[in-house]
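Read off the chains here:
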Amino acid sequence: MDNIFEELNFPFVLKLRASAGAGKTYQLMIAYLWLLSKQKRVSLDSLKSIVALTFTNQATFEMKHRILQGLKDIVLENDKGKALVKVTGLIPSQAKKWLDLILDRYFCFQVKTLDSFLFNLFRLLSLELGFPPTLKPEFNEEFVLNQLIDRLWRISLQDDNIQQVVSSLVDVFLEIEQVHGFNIENKLKSRLREVFFELYKIKKDINLNFDVDSLKYQEKRIKELGNKILNWVDEVGLEFKYSWRKAFLDPIGYFNSDKSSFLNKESIKEMCRANKNKDVLDFSKIDKYFFRFKKELDTYFYLKADLKVKPYIQICSILKDFLADYSREEGIVLPNDWMYLLEQKIKELDIPTIFAFLGERWKHFLIDEFQDTSNIQWNILKFFIQNSLAEGGSVFLVGDQKQSIYMWRDADPELFLNCHRELPNADFHEDTLKYNWRSSPYIIDFNNKVFSFFSSATNEIASIFKLENNRFQSKLKDYFSSLEQSVCEKNKNLKGKVKRFFKQEDWEQDFLRLLNNILENNELSDIAILVRSNEQAKEISSLLLAANIPVISENNLVLEASFVIKGLINFLRFVDDPMDDEKVLSFCLTPICPLENEFILKNYRELEKGLLWDWLKKQDLEEVAFLKYCVQKSAFLSVYELILEIVKEYSLKTKFPDHLAFLNRFLELIISLPKTKVLNICMFLKEWQIIKEKQKLGCSEHIDAVRVMTIHAAKGLEFDIVFLPFLDWNIPRLNILVLEDGSIVRVKKPYSANIASKLEQEKEKHILETLNLLYVAFTRAKRELYYWVEDSDKRKKNIPFLLKIIEETIGCNNA
Ligand SMILES: Nc1ncnc2c1ncn2[C@@H]1O[C@H](COP(=O)(O)OP(=O)(O)OP(=O)(O)O)[C@@H](O)[C@H]1O
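The rules we used
Residues numbered from 1 in each chain as written. Predicted model: local features only at pLDDT ≥ 70, side-chain atom pairs only at ≥ 80, totals over all residues. Heavy atoms only, no water. Helix = DSSP H or I, 4+ residues; strand = E, 2+ residues; numbered from the N terminus. Buried < 20%, exposed > 50% of the residue type's maximum accessible area, 1.4 Å probe, protein only. Contact = heavy atoms within 4.5 Å. Lys, Arg positive; Asp, Glu negative; His and termini not counted. Charge placed at Lys NZ, Arg CZ, Asp CG, Glu CD. 1 Å grid on protein atoms, 1.4 Å probe; cavity = no way out; pocket = protein on both sides within 12 Å on 5 of 7 lines; lining within 4 Å. Points joined across faces, edges and corners; volume = space filled by probe spheres on them. Nonpolar A, V, L, I, M, F, W, Y, C, P; charged D, E, K, R; others polar. Pairing = 2+ DSSP bridges. Axes fitted to C-alpha atoms, helices over the stretch in contact; angles between N-to-C directions. Salt bridge = Lys/Arg side-chain N within 4 Å of Asp/Glu carboxyl O.

1. What about the overall build of the protein?
- The helix and strand tally for the protein stands at 36 helices and 18 strands.
- Principal-axis analysis of the C-alpha atoms gives the protein an extent of 105 × 85 × 65 Å.
- Within the span of the protein, comprising 815 residues, buried residues form 52% of the whole.
- A sequence separation of at least 24 residues applies to 79% of the contacts in the protein between residues at least 6 apart.
- Measuring between centres, the 114 positive side-chain charges of the protein sit 3 Å from its 117 negative side-chain charges.

As structure tokens, this is what we get:
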């Protein structure tokens, strides 16, 4: 696709479907410049009429950077610029005008994340929707839910009714999940989070009432039907085969021991032994009863699965009320709510009214990572895209179904395949890109082989995951066929390497040894270690930090990761309440306190009675004099002033230069908080508990340190060398399921038909997402890829086992 734009006539829909590193984002940048060249005038309205949407903030930053760099190259008329003039048609004088306009009116440069674009729409229509325009979007749903669950736990200590519901939830949880060991509370909270968000998405009232008697009534009906069938079989002189007589005699007992095979039988005839009557008898009447018997049983399984998890429903309904209060108090709104409202409103209003509210008219849309779009997002976007096409505009969608890793957030990769059908009034073009511009030939070849196995050996894969249905296999084919890429000219001689390690007991030592070897010839920032969860990121960061290897990760950018910030928080806790020995001790033992640890600990141990602070006050020490001053002044100084005092007194900026960025960010944060949150230390500490997890330093590309990040965060990015230390993934076993109608059920055999079908769908989604995640992880490396798996012959270890089979089949000997 050297210059597909030449062939295009407005209005058009252009879809570009290509594998990783093929230059999809790069083509979006080209398309943006090409669209600029097609504008009649260099004007603000034209600039605002082109909207480029990405998936993450990092990708937005990258896209803006690429567009500006492209314009600069054209203006400078360098080699890259000359090539861009050829494909985009944008000449240097025009490019200069656009560049000046963008830099002058940067906020009109419409390159945004999809979320922020949609939220902006919501804000513009907020009065119409009955919300104050000051409302803030809160994308961190997990953070909010943690707050709500903590609130629930606190309230349950005082409120008997809530305590009762919580304790029945704990019972159900322990029984269903069979969890043992430590951290049960955390596991329970995490399960609750999952279920709540599933339920919360269903915009229907949750049915809280469940009548235990209906299960009993159901049992009775089944028994009656069973007896009717039994009697008929006896009367006509037939005999059941195998143990099927028991199934009609005691249906519930029989099925509770997990024997569901006869649910597949079509007629009682199939279940009876041969005798002279069998062939002449009319079974049609009794089969009607048999059909009803099976139907009632199915309902029974469902009711039972539903009853088991009632306490989850009750808790979720309490959390729903808490969420409404919390949203009001904090002035926030969660995506699930505002997107839903926006979608509804857009259906209601007519086009001129909406555009009158918005005051904007978009004509061209460029959308990256389209495979991660959800149906609700698409329904909103579609409205504007259809309008832009009606006015002679365009839409350019790029994506790759096998990189869809946000299905848990409702992304629907099928949309990418079919969305153009909903945009019929425009020329439709589809294209693919065959070169990989990112990686070395070795890595490209390795990935070609590994991932084409997914589409060529669908049977084997389906059997590994025990999901032998046609739909799953055809999806595998859809996602992973025709993915093979060729090496581009510029990377032809790029050296590359892929190496697999088996995880031995002391794998960490081997891991560090390899890393140190690689660092002899590479920069720290060439290396990325990609993991699946934040816990793994913490684990690997600690390993590297203990070996004195600088690391940058989401976690160590959290302000609290700095011991100076931790020390300052302990200082505030102590000043706020010096009569609490624990608080005094915690502060005195932090590295920012100049008092000797030994001196404090020894005296604390020997202090027979009285308070630590009373004893400390009597010590004639300069350091203590300062602390006394702080305690006395604490009621008169603001939190900010107190922190400034200690920073100055203990020379924290010069003593701990590595923590300067954290310190500055911390001070900035205190100033930026509303007055009500910093009126006194106690209020600030309360606020800190809530906000601390979100307070982070920005990450600069230029910091020389190894990157540690999740695969989700690494999507769309590339690194010279990639390490994947934890590929021991399994497909999680589902114990609880939320059905389409909003009921939660326990997953335990025998399943009712609706549970079995939903379970299969969920399993399929998890497997595809896991395979996609593997694809994203393996395709981030430019030069070298190293990964660690357990040496497993067991099918239970899904991904290690799959990788082993692939290795044996395709004969890639990379060990
Ligand atoms: N035509 C091209 N000429 C030169 N370099 C290119 C070209 N296309 C892409 N690249 C470079 O190749 C790398 C990968 O491109 P890009 O990030 O656009 O790929 P992608 O298809 O979006 O990848 P992914 O799906 O993995 O996010 C980038 O460094 C990009 O600058």
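Additional details are given in the paragraphs that follow.
2. As for empty space enclosed by the protein
- Within this structure, the stated rule accounts for six cavities of 30 Å³ or more.
- By volume, the largest cavity is sized at about 70 Å³.
- As for the largest cavity, its lining consists of Ala20, Asn436, Ser439, Ile443, Ile444, Asn447, Asn448, Leu483, Gln485, Tyr775 and Thr779.
- Here the lining of the largest cavity takes four residues from helix H20 (residues 441–456), the largest share from any one element.
- Split by residue class, the lining of the largest cavity holds five nonpolar, six polar and no charged.
- Approximately 50 Å³ is the volume attributed to the second largest cavity.
- Listing elements by their share of the lining of the second largest cavity, those giving two or more residues are strand E11 (497–502) and helix H36 (798–810).
- For the lining of the second largest cavity, the leading source of residues is H36, giving four residues.
- Considered class by class, the residues forming the lining of the second largest cavity number four nonpolar, one polar and four charged.

3. What about the layout of surface pockets?
- Put simply, the second largest pocket is a space of about 860 Å³.
- In terms of lining, the second largest pocket is formed by 22 residues, of which the most central are Lys466, Arg733, Leu734, Tyr751 and Lys763.
- The element that contributes the greatest number of residues to the lining of the second largest pocket is helix H35 (residues 753–778), accounting for four residues.
- In terms of residue class, the lining of the second largest pocket is made up of ten nonpolar, three polar and nine charged.

4. Notes on the sheet that holds strand E13 (residues 551–553)
- The strand order across the open sheet built from six strands is E11-E18-E15-E12-E14-E13, with neighbouring strands paired in parallel fashion. At either margin of the open sheet sits one strand with a lone partner, and together these are E11 and E13. In this sheet, adjacent strand axes meet at a mean angle of 20° when their direction is disregarded.
- Of the pairings in the sheet, the one linking E13 to strand E14 (residues 706–710) comprises three bridges and is parallel in character. Each bridged residue has a counterpart across the sheet, and for isoleucine 552 the counterpart in E14 is arginine 707.
- Sitting on the sheet, H20 is in contact with E11 and strand E18 (781–789), with an inclination near 50° to E18.

5. Quick look at the pattern of salt bridges
- The full count for this structure, using the stated rule, is 39 salt bridges.
- Ionic pairing is found between glutamate 62 and arginine 66, a salt bridge with its closest N-O pair at 3.1 Å. Here the residue glutamate 62 and the residue arginine 66 both occupy positions in helix H3 (residues 57–76), the gap between them amounting to four residues, near one helical turn.
- For glutamate 62, a relative accessible area of 25% gives the class partly exposed.
- What you see here is one network of salt bridges that share partners, running through Glu740, Lys758, Glu762 and Lys765.

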